Structure formats: structure tokens, C-alpha cells
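Listed here are the chains, written in short residue letters.
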Amino acid sequence: MQETGMISAYAELLAAKLGFDRSLSQRVREEVEDHLREAAEANAGCDAREAERRAIVEFGDAHAIAAELAAASLAQETRKAGLAVILIIVGVFMAMKARIAWYAATQWALNDDVKEISAIVGSIDVYAFWVAVIVGIAGWAYISSRPIPTAFDPFRQQLRRFRLLSLAATAALVISVIGDGVLTALRLLGTDFSAGFLIPLFSMALEIGCAGFLISHIRGVVLRAACAGAQLKT
Amino acid sequence: MLKGHLDMIVLAALAAGPAHGYAVIEAIRRKSGRAFDLPEGTIYPALHRLEQARLLASRWVNAESGRKRRIYTLTRSRHRALAERHAVWEQFSDAIGALLEGTRCKKPA
């Protein structure tokens, strides 16, 4: 059957509405194009233009289909992000515990002149960490307990709530990591450099890496959700 | 109402064996005696959702036409899901049946 370009244009339109997720967009374009060509071939009694037009009409509204696909894709993204928050918090906790165990094993005591400030920073650190744990678990439980959405508009509210919870958990974790950094610096300052520094420095690098990865991941999800919202508005 | 049960309908259509989206919608039409004449595109969000829920798996193959084609297959975990949806449907169907019982108009003699 001779192609008129209508099917390609429709598939491109649908793919463009899913531009926030390149792999989904590409997959949908190829899948929909194959479907429409087969449907047009089934309308072999008509001329090519009419067969393609009918296939497109029977396929449905591109905007509505894209909105449903976007909701399913973003639901999966947010579930992964919810789990990432929990895993990163566990990673930071393990790095923190390893450092404290190292201080205990090497009997690495704090200087008396920084004990007071260490106690203040330590309290902020502990509270921030537990806020991150509680809010992170709440965000993960919230998003993973929702059914996979079948429409984009009702999903917007879920997205907004999850974004708020994950941003709060990330902010609290960043405060906790900064607190850990200050505490580590207070312990290392005034001590001669030795191989024993490597464990605290490595554990701090791990914490900073974990926090950086989380910020980048959450930012990615928030941007994709915003992009999807904008692309599906028109 | 039909949309609320689309996932179950798609799973049931794929129970016969692996198929691509167009074949799934054709199977639904054929098995339902064309009673379920959905816009064809609505099948794809359902297929993607079911794949995310790990009830379906999919892969690209090359069709005879030379085009790339995505084929969907039921996974092992679909049995429980299909049974659950079946039970929900039967409960719904029984409830409607009970409500309608005795409401059918008698033909005038």
C-alpha cells in the first residue's frame, strides 16, 4: 500500500507528547506506527488515504492516549525514586556507622575545645537524619500504595504530594550530611595527617556522593513530570 | 465501565498466546462478538501498565512486513492477577444481576 504520510505524522505527534521520556517516546512511535500500518492494510478496500484516515480515527485521540501512557511511565519513575530515597538513606546511615565504629576502634577522641559545638551539630545531624528517614518512608509508602494511574490529571495530585515528601526527605538528608561533614572536620582538625584519615574521608565522600546522586535523581523526576505536564497541556 | 476492566480483558485476550497490540484488539473484538469496540489506542496504556506490574513481558521482533513489532506475553505471576480480577468481575456481575432480577418488563398478552 502506498503511504500518504498521515500515519507517520500521527505517530510523530503522539511521540512528541511523550518527549519527556525519550525511550518511551521512541517505543510508542514504532509500536503505534506498526499498528496503524497493519490497520490500514486491513482496510484494503479503500484508497490509501482513506485507509490511513480510518486507521487513525479508530486508533483514537493522540492526546488522551499520550496522557495515559505518561501517567503510567511517571508512576513507575516515582516508585523508583521513592525506593532510591530509602536506599540512599540506608547508604548514608552505613557510612556514618562505619565512621563512628572506626573512631571507637582507634579511640579517636574529640578535642575538648570543640566538644560543645560538636554536641550542637550532632543534635541537628541526628534530628535531620530521622526526619529524612520518616519522611522518606512516608513518601515511598504513599507512592507505592497507589494503583498505577489510568489517567494523567488525577495523577497530578499524587505527583505533587510525592514531590513534596521526596524534596523534604532529600533536604533533611543533605542537612544531615552537612552535619556529618562538620563533625568529621572538627575531629580531623588539629590532628596530624595519617593513614587513619582515609576511613573518615572515604565515608564522607560516600555520603556526599549518595546525597548528590539523590538530588540529581529527584531533580530528574521533578523535571520530567513538569515537562510531561507542559507537553500534555496543549 | 469497560475501561475499568480493560486490564482483565487484555490479560484474558493474551491467555491464548503471545501477540502484538493490533492482534490483541482484534482478539478482544472477535471474542466479544464486536461488543467491545474500544478506540484501538486505549490498548497501549493498558499493555504498558500491565508490563510495569510485571503481569506481561514484551520484546521486539521483526514482522513479515519487515517492520519492527512489539510482542507481549503473559508472565507467570499473571495467574493470581487474572483470578483476582475474575473474582471482582463475578462479584460485580452478580450484584448487577441481583439488582435487575425481577425488573424485566413482561410482554403484554
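Anyway, here's the lowdown on the structure attached to this text. Since this is a predicted model, take the numbers as computed values, not measurements.

## What to know about a positive patch on the surface
So, step 1. A cluster of basic residues, Arg146, Arg160, Arg161 and Arg163 of chain A, forms a positive patch at the surface.
So, step 2. By the element assignment, Arg160 of chain A lies in helix H6 (residues 152-188).

## Digging into the packing of aromatic side chains
Remark: the centre distance and the inter-plane angle together describe each pair of aromatic rings, the angle taken between the planes.
So, step 1. Counted according to the given criterion, the structure contains 6 aromatic pairs over all chains.
So, step 2. Arranged with centres 5.7 Å apart and planes meeting at 25°, the rings of Phe93 of chain A and Phe129 of chain A form a pair that is stacked. One end of the pair, Phe93 of chain A, is in helix H4 (residues 62-106); the other, Phe129 of chain A, is in helix H5 (residues 115-145), and 36 residues separate them in sequence.
So, step 3. Look at Phe93 of chain A and you get partly exposed, because its relative accessible area is 33%.
So, step 4. With relative accessibility at 5%, the residue Phe129 of chain A sits in the buried group.
So, step 5. Among the aromatic residues, ring-to-ring pairing joins Tyr10 and Phe59 of chain A together with Tyr44 of chain B into one connected group.
So, step 6. A cation over a ring is seen here: Arg187 of chain A above Tyr103 of chain A, with NZ or CZ 4.1 Å from the ring centre.
So, step 7. Taking the ring centre of Trp60 of chain B as reference, the NZ or CZ of Lys68 of chain B above it sits at 4.7 Å.

## Here's the deal with the pattern of salt bridges
So, step 1. One pass over the structure, following the stated rule, counts 23 salt bridges over all chains.
So, step 2. In this structure, Glu12 of chain A and Arg29 of chain A form a salt bridge, with 3.6 Å as the shortest nitrogen-oxygen distance. Here Glu12 of chain A, found in helix H1 (residues 6-17), pairs with Arg29 of chain A, found in helix H2 (residues 22-42); they are 17 residues apart in sequence, far enough to count as distant.
So, step 3. We classify Glu12 of chain A as partly exposed; its relative accessible area is 43%.
So, step 4. Note that Arg27 of chain A and Glu51 of chain B form a salt bridge whose closest N and O atoms lie 2.7 Å from each other. Of this pair, Arg27 of chain A sits in helix H2 while Glu51 of chain B sits in helix H3 (residues 43-52), placing the two residues on different chains.
So, step 5. In this structure, a network of salt bridges that share partners links the residues Glu12, Arg29, Glu33, Arg37 and Glu52 of chain A.

Thresholds applied
Residues numbered from 1 in each chain as written. Chains lettered and ligands numbered in written order. Predicted model: local features only at pLDDT ≥ 70, side-chain atom pairs only at ≥ 80, totals over all residues. Heavy atoms only, no water. Patch = residues over 30% accessible without salt bridge, like charges linked within 9 Å, V, L, I, M, F, W, Y side chains within 5 Å. Areas by Shrake-Rupley, 256 points an atom, 1.4 Å probe, with all protein chains shown as cover. Salt bridge = Lys/Arg side-chain N within 4 Å of Asp/Glu carboxyl O. Lys, Arg positive; Asp, Glu negative; His and termini not counted. Charge placed at Lys NZ, Arg CZ, Asp CG, Glu CD. Helix = DSSP H or I, 4+ residues; strand = E, 2+ residues; numbered from the N terminus. Phe/Tyr/Trp six-rings, centres within 6.5 Å; stacked < 30°, edge-to-face > 60°. Buried < 20%, exposed > 50% of the residue type's maximum accessible area, 1.4 Å probe, protein only. Lys NZ or Arg CZ within 6 Å of the ring centre and 35° of its normal.

Fair warning: the whole summary comes from geometry, so function is off the table for now.
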